[in-house]
Amino acid sequence: LPFQQEGILDIMTTVANDGSILINVKCRDGNWSTPAIIPPSGRANGAIRAESLRWPLVKKAVSGKRKDCHEVIDSSEYSPNDPTVFELIYQVTSLSGLWGELSRMVTITPRFLLKNESSWLDIDVKQVGAPDASRLLLPRKGTLPFYWFDGALPELVCARPAGLSGFKWSGGFDLCTLGMLPLRVRQSNGGRNNSNLNSMRVSVELQPGTGGTGTIISIKDEDPDGEGSLFRIENHSPFQIFVSQDGVLANPSLSGKQSSCDSINPGESTSYALDVPWRQGKYEGRTSASM
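Visitor: In this structure, what is going on with the sheet that holds strand β6 (residues 104-110)? I would like to understand it.
Guide: Strand order in the open sheet formed by three strands is β4-β5-β6, and the pairing between neighbours is antiparallel. Here the strands that pair on one side only, and so sit at the sheet edges, are β4 (44-51) and β6. When strand polarity is set aside, the average angle formed by the axes of neighbouring strands in this sheet is 25°. The sheet contact formed by β4 and strand β5 (residues 85-94) spans eight bridges and is antiparallel. Paired with Ala47 across the strands is Ile89, a residue of β5.

See the structure below:
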């Protein structure tokens, strides 16, 4: 898959009553963003949100020269280069020069940076609910910006191993919730054909020098036996035990759905992770977002 491509932003400036300069940006035919505020003096940081397309599906149909206006447009043809919502951050600093503090510089960068800390695993990442074609390939030891595919979908991100067949998308997690969380990755058939990967660790931290407006999201695979993992469960009992996240379907026999339960044999240990990392207000049910 191709990486994110650079684009061109339209810029509009106005002056507020207090002397602050307001800068709005626009990408393609989208709406003008919320303003970046340059105060009369000093430094400043902030976040802006810009929509790249007000009518993305209509725009795609027109650009594709489709003759039948009643044709159903397949959104699966999108790629990571077709986000519709850009979340950006800005930094205002003073420049040394002839005009002293009157010279200002505004730097605009992506708000969310994804970082793959794995030494061997490439990772697919996408917005929860978006088509698979919109996934972003995050190479091992690589760092890429992330933008929202669709502003109408939940602003949650899911991940899965790239290049390993049979894995489902993980549950969605929030890019603005600081801290670390364990992310369970399961195979579509419910089996363990690949025993080298059970979970991934996600760390969300602030970008340095952004005034708390930008985040770095680091993703790394965990040892399936729990060595060095965020959570580890050891079975010291003489019998097999079963573990499942509270509220997530553990016995699928009555519903026909796949299980979200893990078994641990006597004397064994395993890394433990969450099938549903985020479910307060952004999930209608208490099941994993396997989309």
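Visitor: Would you mind going over the sheet that holds strand β14 (residues 215-221) with me for this structure?
Guide: By way of backbone hydrogen bonds, the strands of a sheet pair with one another, either parallel or antiparallel. Strands sit in the order β10-β7-β14-β13-β12 across an open sheet of five strands; the sheet is mixed. In the strand order of this sheet, the two ends are held by β10 (143-145) and β12 (179-184), each with one partner. Within this sheet the neighbouring strands show an average axis-to-axis angle of 20°, counted without direction.

Visitor: Honestly, the nonpolar core in this entry has me stumped. Any pointers?
Guide: As a rule of thumb, soluble globular proteins bury nonpolar side chains together. Within the largest apolar cluster, 25 residues are counted, with the highest numbers of intra-cluster contacts made by Val125, Phe146, Phe173, Leu175, Met200, Val202 and Ile217. Of all elements in the fold, only β7 (112-116), β8 (122-127), β9 (136-138), β11 (157-162), β12, β13 (199-206) and β14 reach the threshold of two or more residues within this core. The element contributing the most residues to this core is β13, with three residues. Setting aside its immediate chain neighbours within four residues, Phe146 contacts Phe112, Leu114, Val125, Lys126, Gln127, Leu136, Val157 and Leu175. The next biggest cluster of nonpolar side chains, apart from the first, holds 13 residues, and it includes Ile23, Ala36, Ala44 and Tyr147.

Visitor: Is there a simple way to think about the packing of aromatic side chains in this case?
Guide: Each aromatic ring pair is specified by the distance between its two centres and by the angle formed by the two planes. The final tally for this structure, using the stated rule, is three aromatic pairs. Ring geometry for Phe112 versus Trp148: centroids 6.0 Å apart, planes at 70°, classification edge-to-face. One end of the pair, Phe112, is in strand β7; the other, Trp148, is in the loop between β10 and β11, and 36 residues separate them in sequence. An identical accessibility class is assigned to Phe112 and Trp148; each is buried.

Visitor: Would you mind showing me how to read the confidence of the model for the protein here?
Guide: Caution applies to low-pLDDT parts of the model: their predicted coordinates are not meant to be read in detail. With 76% of its residues at a pLDDT of 70 or more, the protein shows a mean pLDDT of 81. Within the model, the stretch residues 1-6 combines pLDDT values under 50 with 15 contacts to residues more than four positions away or in other chains. Taken as a whole, residues 69-73 scores under 50 in pLDDT and shows four contacts with residues more than four places along the chain or in a different chain.

Visitor: Help me out: how do you make sense of the pairing of β14 in this one?
Guide: Looking down a regular strand, the side chains alternate between one sheet face and the other. Taking burial as the measure, the seven residues of β14 include six buried ones, the bulk of the element. Judged from the seven bridges that link them, β13 and β14 form a sheet pairing that is antiparallel. Bridge assignment links Val204 to a residue of β14, and that residue is Ile217.

Visitor: What exactly am I supposed to notice about unusual backbone geometry here?
Guide: Working note: non-glycine residues mostly have negative phi, and peptide bonds are mostly trans. Residues other than glycine seldom take positive phi values, yet Lys141 does so here, at roughly 65°. Position of Lys141 among the secondary structure elements: in the loop between β9 and β10.

What counts and what doesn't
Residues numbered from 1 in each chain as written. Predicted model: local features only at pLDDT ≥ 70, side-chain atom pairs only at ≥ 80, totals over all residues. Heavy atoms only, no water. Pairing = 2+ DSSP bridges. Helix = DSSP H or I, 4+ residues; strand = E, 2+ residues; numbered from the N terminus. Axes fitted to C-alpha atoms, helices over the stretch in contact; angles between N-to-C directions. Core = buried A, V, L, I, M, F, W, Y, C linked by side-chain atoms within 4.5 Å. Buried < 20%, exposed > 50% of the residue type's maximum accessible area, 1.4 Å probe, protein only. Contact = heavy atoms within 4.5 Å. Phe/Tyr/Trp six-rings, centres within 6.5 Å; stacked < 30°, edge-to-face > 60°. pLDDT = per-residue confidence, 0-100.

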